[in-house]
Amino acid sequence: KVSFTWRHWAVFSGEFEGNQGTGETINMTGFGVVLLNDDMKAKRIDIYFDPTSFLNVLRGKAICRDGIDRGVAFGESIAGGLDAAARMMAAIESDDDED
């Protein structure tokens, strides 16, 4: 298995659900786990993220923290805390037992 964190960003200059962007950069982060086969090729990729804050900015329900690095890739806690992360990892491990 290989695990990694990731970051996606976009400049919000268009319109989303009636909310007009002002050119701010919106970030979303998460993590992933890749299950490799014997040839070291990806057999399965599981991606975990919480899009709530990203979507709330797009909808105009939250202020963008433009330029402030945040999220799992920057050391913030995983949505749901360590218990949620443990449940996700346990699910991955139980899937491995079936392979």
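See the structure above.
Source: prediction; values computed, not measured. (Residues numbered from 1 in each chain as written. Predicted model: local features only at pLDDT ≥ 70, side-chain atom pairs only at ≥ 80, totals over all residues. Heavy atoms only, no water.)

Participant: Lay out unusual backbone geometry with the relevant residues and their values.
Facilitator: The backbone of Glu17 sits at a positive phi, close to 50 degrees, despite the residue not being glycine. For Glu17, the position within the fold is in the loop between β2 (15-16) and β3 (19-20). A positive phi angle is found at Met40, which is not glycine, with a value near 65 degrees. Turning to its location among the elements, Met40 is positioned in the loop between β4 (24-36) and β5 (42-49). (Helix = DSSP H or I, 4+ residues; strand = E, 2+ residues; numbered from the N terminus.)

Participant: Got a sec to walk through the sheet that holds strand β1 (residues 2-12)? Specific residues and values, please.
Facilitator: Overall, antiparallel pairing links the three strands, which are arranged β1-β4-β5 in an open sheet. Since the sheet does not close on itself, it has two edges, and those belong to β1 and β5, each with one partner. Between one strand axis and the next, the sheet turns by 30 degrees as a mean value, whatever way the strands run. Here seven bridges tie β4 to β5, and the two strands are oriented antiparallel to one another. What sits directly across from Leu36, in β5, is Ala42. (Pairing = 2+ DSSP bridges. Axes fitted to C-alpha atoms, helices over the stretch in contact; angles between N-to-C directions.)

Participant: Quick one: what's the story with the packing of aromatic side chains, residue by residue and with numbers?
Facilitator: Here the structure, examined in full by the defined rule, presents two aromatic pairs. Note on Trp6 and Phe49: the rings are 5.8 Å apart at their centroids and 70 degrees apart in plane angle, and the pair reads as edge-to-face. Of the two residues, Trp6 sits in strand β1 while Phe49 sits in strand β5, which places them 43 residues apart along the sequence. Since its relative accessible area comes to 45%, Phe49 is described here as partly exposed. Relative to Tyr48, the ring of Phe31 has its centre 5.0 Å away and its plane inclined at 25 degrees; by these criteria the two rings are stacked. Of this pair, Phe31 sits in strand β4 while Tyr48 sits in strand β5; the two residues are 17 residues apart in sequence, bridging distant segments of the chain. We classify Phe31 as buried; its relative accessible area is 12%. Take Tyr48: its relative accessible area is 17%, and that puts it in the buried class. (Phe/Tyr/Trp six-rings, centres within 6.5 Å; stacked < 30°, edge-to-face > 60°. Buried < 20%, exposed > 50% of the residue type's maximum accessible area, 1.4 Å probe, protein only.)

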